[in-house]
Amino acid sequence: MRMFEFQAKRIFREEGIPVPKGGVATNAVEAEQIARKLGGPVALKAQVLVGGRGLAGGVKFVDDIEEARMVAEEIFGSRIKGEIVRRVLVEEKMEIKSELYVGVTIDQEARAPTVIATSEGGVEIELVAEKFPEKIVKRKVDVFRGLLEYEARSIAKNIGFDHRKTLSFSSVLRNLYGVFEKYDAELVEINPLALTVNDKFVAADAKLNLDDRAAFKHEDLIRSLEEEAVKPIEGPSYRACLAREAGISSYVELDGNIGIISDGAGTGMLALDLVEEYGGKPADFCELGGFMNDEMMRSALDIVSSNPNVKLMLITLIGGLTRMDEMAEGIAKFIEEKKAEIPIVVRLAGTLEEEGRQILKKVGIDSFDDMYDSIGKAVKLVGED
Ligand code: GDP
Ligand code: MN
């Protein structure tokens with residue numbers, strides 16, 4: 001079982017391995033708050049279960065707090081190697097002098113845990129093994145004795161550290177081996193282990209893969225890690241990401257309860273203003289835009305209705321290039337499949353509007369022709385709630 005970097009780092013910290021100060025955010029506002037608390041430059045790191053995030057755009061650095069929110073927003077709305085980013089780890093940015101690699105895994109041939117360390121960290125260990133095999137230090141560990149002090153020191157010496165660094169480096173190695181043993185890991189890895197400008201070793205990254213064959217010994221831990229992993233599965237940034245993937249031009253959440261979907265920016269803005277004027281509160285601005293079809297409408301309904309604040313959906317459409325029959329088709333599909341639990345109010349006009357109206361009638365929706373009427377009705381329905 002693989003765990004997220006922030007989960008592995010929590011365990012590392014408990015076991016005495018230095019990790020950077022920081023916190024986990026589930027949206028950009030939270031990211032900014034954590035950055036503010038940390039003060040100073042921060043690292044923003046996408047929490048996904050794939051490696052090589054740095055190169056894939058999942059690790060960013062910012063110098064000031066205002067920037068933190070914007071950059072976090074970008075990371076939240078993206079996928080890293082196919083994985084949607086639901087959490088961002090915000091950490092103090094360290095000033096790194098050099099990057100090392102340390103890891104423990106089972107050497108199948110030696111049938112023993114093996115500590116691997118090299119001064120050439122920050123890149124994949126396989127690449128180091130190819131390029132500078134002589135720079136990799138390996139040491140088999142006796143499972144009954146564990147990694148002894150003198151063994152850890154001899155690894156440090158092989159890397160070429162002076163006495164003081166040898167002591168602190170050995171402590172990281174021994175604690176890392178401790179994690180490997182305590183958690184029945186398949187692999188523990190710190191890549192890079194940063195040597196900071198203050199000559200401190202700090203785990204800039206953390207990997208801890210549990211051995212599934214030992215899962216029965218760690219049931220509570222595994223359950224809590226899994227629960228933590230799925231918890232904030234639905235949030236504003238997750239919905240914004242889905243919207244982007246569906247080709248929806250813009251999706252911004254507001255703090256009201258009327259979910260608004262429009263086919264153009266102008267209609268959408270007008271609907272926002274009118275809803276406010278009628279005494280209602282918009283929950284979002286969702287403009288389809290681009291090449292609209294029934295699928296896109298269907299996705300917009302899925303996304304907007306999954307916002308727990310939304311008590312009613314107001315769809316306002318003006319058909320120029322957009323075909324009202326296609327839009328209606330998307331709405332009808334949503335209603336048939338989802339048996340919508342919240343009311344839907346539709347206003348449509350323009351290209352193929354009669355066809356659209358007929359389609360909606362079949363699923364029980366009397367669409368409006370006049371925008372004011374539709375908004376008045378929507379605000380009234382929500383008010384009655
Ligand atoms: P990975 O690409 O998924 O392995 O993500 P890492 O956590 O290893 O981050 C990628 C790279 O970002 C590292 O190799 C470091 O060079 C750099 N990095 C990560 N954290 C810090 C930090 O706090 N300060 C600085 N200066 N660089 C960092
Ligand atoms: Mn790494």
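Before going into details, it helps to say that this report is about the structure given with it. Computed from a predicted structure; not experimentally measured.

## Observations regarding the overall build of the protein
Then, in step 1: Counting secondary structure elements, the protein contains 13 helices and 17 strands.
Then, in step 2: Taken against the 2.2 N^0.38 rule, which gives 21 Å for 385 residues, the C-alpha radius of gyration of the protein at 27 Å runs more than 25% over that of a compact globule.
Then, in step 3: Principal axes of the C-alpha set define a box for the protein whose edges measure 85 × 45 × 40 Å.
Then, in step 4: A separation threshold of at least 6 residues defines the contact pool for the protein, and within that pool the share at least 24 residues apart is 69%.
Then, in step 5: Of the accessible surface of the protein, which amounts to about 19,000 Å², a share of 51% is contributed by carbon and sulfur atoms.
Then, in step 6: A gap of 7 Å separates the mean positions of the 51 positive and 68 negative side-chain charges of the protein.

## Let's talk about the coordination of the manganese ion (ligand 2)
Then, in step 1: Within the protein, the atoms that donate to the manganese ion (ligand 2) are Asn191 (O) and Asp205 (OD), at distances of 2.2 Å. Residue Asn191 is located in strand E10 (residues 185-196), and its partner Asp205 is located in the loop between strand E11 (201-203) and strand E12 (207-210); the two are separated by 14 residues in the primary sequence. Neither residue differs from the other here; Asn191 and Asp205 are each classed as buried.

## Observations concerning the site of ligand 1
Then, in step 1: In the vicinity of ligand 1 lie 16 residues, with Lys45, Arg53, Gly54, Met94 and Glu99 positioned nearest.
Then, in step 2: Arg53 is positioned such that a nitrogen or oxygen atom in its side chain is 2.8 Å from an oxygen atom of ligand 1.
Then, in step 3: Taking Gly54, its main chain carries an N or O atom lying 2.8 Å from an oxygen atom of ligand 1.
Then, in step 4: When ligand 1 is considered free in solution it has 560 Å² of accessible area, and contact with the protein chains removes 82% of it.
Then, in step 5: Judged by its atoms lying within 2 Å of the grid points, ligand 1 is housed in the largest pocket.
Then, in step 6: Taken together, the elements giving at least two residues each to the shell around ligand 1 come down to strand E3 (59-62), strand E7 (96-107) and E10.
Then, in step 7: In terms of residue class, the shell around ligand 1 is made up of 6 nonpolar, 4 polar and 6 charged.

## Considering helix H13 (residues 371-384)
Then, in step 1: In this model H13 runs 20 Å from its N-terminal to its C-terminal C-alpha over 14 residues, within 8% of the 20 Å that 1.5 Å per residue would give.
Then, in step 2: Along H13, the residues that are buried comprise Met371, Ser374, Ile375, Ala378, Val379 and Val382. Angular distribution of buried residues about the axis of H13 spans 125°; they occupy a single face of the element. Away from the buried face of H13 by more than 90 degrees, exposed residues Lys380, Gly383 and Glu384 are located.
Then, in step 3: Next to the buried residues of H13 lie strand E14 (258-262), helix H9 (265-277), strand E16 (312-319) and strand E17 (344-350).

## Re the packing of H9 against H13
Then, in step 1: Between H9 and H13, whose axes approach to 10 Å, the crossing angle comes to 50°. Classified by the interaxial angle, the pair formed by H9 and H13 is oblique. Taken as a pair, H9 and H13 cross one another with a handedness that is right-handed. Where H9 approaches H13, its residues Thr267, Leu270, Ala271, Leu274 and Val275 are matched on the opposing element by Met371, Tyr372, Ile375 and Val379.
Then, in step 2: Broken down by class, the residue content of the contact of H9 with H13 amounts to 8 nonpolar, 1 polar and no charged.

## Here's the deal with helix H2 (residues 28-38)
Then, in step 1: Those residues of H2 lying buried are Ala28, Ala31, Glu32, Ile34 and Ala35. Each buried residue of H2 lies within a common arc of 165° when the element is viewed along its axis, so the set occupies one face.
Then, in step 2: Of the surrounding elements, those touching the buried residues of H2 are strand E1 (22-25), strand E2 (42-46), helix H3 (65-76) and strand E6 (88-92).
Then, in step 3: Two or three places before Val29, at the opening of H2, Asn27 has a side-chain oxygen 3.1 Å from that residue's backbone nitrogen.
Then, in step 4: Two residues or fewer after H2 comes Gly39, characterised by a positive phi angle close to 70°.

## Digging into the sheet that holds E3
Then, in step 1: If you walk across this open sheet you meet the 4 strands as E1-E6-E2-E3, and the pairing is antiparallel. Across the chains shown, the open sheet's two edge strands, defined by having one partner strand only, are E1 and E3. On average, each strand axis in the sheet is inclined to that of its neighbour by 20°, with strand direction left out of account.
Then, in step 2: Inspection of the sheet shows E2 paired to E3 by 4 bridges, in the antiparallel sense. Bridge pairing in E3 links Val42 to Val62.

## Focus: the layout of surface pockets
Then, in step 1: Put simply, the largest pocket is a space of about 1,100 Å³.
Then, in step 2: If you trace the largest pocket, you find 40 residues lining it, with Gly52, Gly122, Asn191, Pro192 and Asp205 closest to the centre.
Then, in step 3: Put simply, the parts of the chain that give the lining of the largest pocket at least two residues each are E2, E3, E6, E7, helix H4 (125-131), E10 and E12.
Then, in step 4: Its residues placed into classes, the lining of the largest pocket shows 21 nonpolar, 6 polar and 13 charged.

## What to know about the pairing of E6
Then, in step 1: E6 sits mainly inside the fold: 4 of its 5 residues count as buried.
Then, in step 2: When E1 meets E6, the two strands line up antiparallel, connected through 4 bridges. Its bridge partner being in E6, Ala25 is matched across the sheet by Val88.

## As for the environment of Ala56
Then, in step 1: With respect to the secondary-structure elements, Ala56 resides in the loop between E2 and E3.
Then, in step 2: Placed 206 residues apart in sequence, Ala56 and Ser262 show a C-alpha to C-alpha distance of 34 Å.
Then, in step 3: Contact partners of Ala56, with chain neighbours within four places excluded, come to Ile80 and Lys81.

Cut-offs applied
- Residues numbered from 1 in each chain as written.
- Chains lettered and ligands numbered in written order.
- Predicted model: local features only at pLDDT ≥ 70, side-chain atom pairs only at ≥ 80, totals over all residues.
- Heavy atoms only, no water.
- Helix = DSSP H or I, 4+ residues; strand = E, 2+ residues; numbered from the N terminus.
- Rg over C-alpha atoms; globule rule 2.2 N^0.38 Å.
- Contact = heavy atoms within 4.5 Å.
- Areas by Shrake-Rupley, 256 points an atom, 1.4 Å probe, with all protein chains shown as cover.
- Lys, Arg positive; Asp, Glu negative; His and termini not counted.
- Charge placed at Lys NZ, Arg CZ, Asp CG, Glu CD.
- Donors = N, O, S within 2.8 Å, 3.2 Å for Na, K, Ca; no water.
- Buried < 20%, exposed > 50% of the residue type's maximum accessible area, 1.4 Å probe, protein only.
- Near = heavy atom within 4 Å.
- Polar contact = N/O pair within 3.5 Å; in protein donor to acceptor, adjacent residues only side chain to side chain.
- 1 Å grid on protein atoms, 1.4 Å probe; cavity = no way out; pocket = protein on both sides within 12 Å on 5 of 7 lines; lining within 4 Å.
- Sits in = over half its atoms within 2 Å of the grid points.
- Nonpolar A, V, L, I, M, F, W, Y, C, P; charged D, E, K, R; others polar.
- Expected span 1.5 Å × (residues − 1).
- Arc of directions from axis to C-beta.
- Axes fitted to C-alpha atoms, helices over the stretch in contact; angles between N-to-C directions.
- Parallel < 35°, antiparallel > 145°, perpendicular 65-115°, else oblique.
- Left-handed = near helix turned anticlockwise from the far one by under 90°.
- Pairing = 2+ DSSP bridges.
- Points joined across faces, edges and corners; volume = space filled by probe spheres on them.

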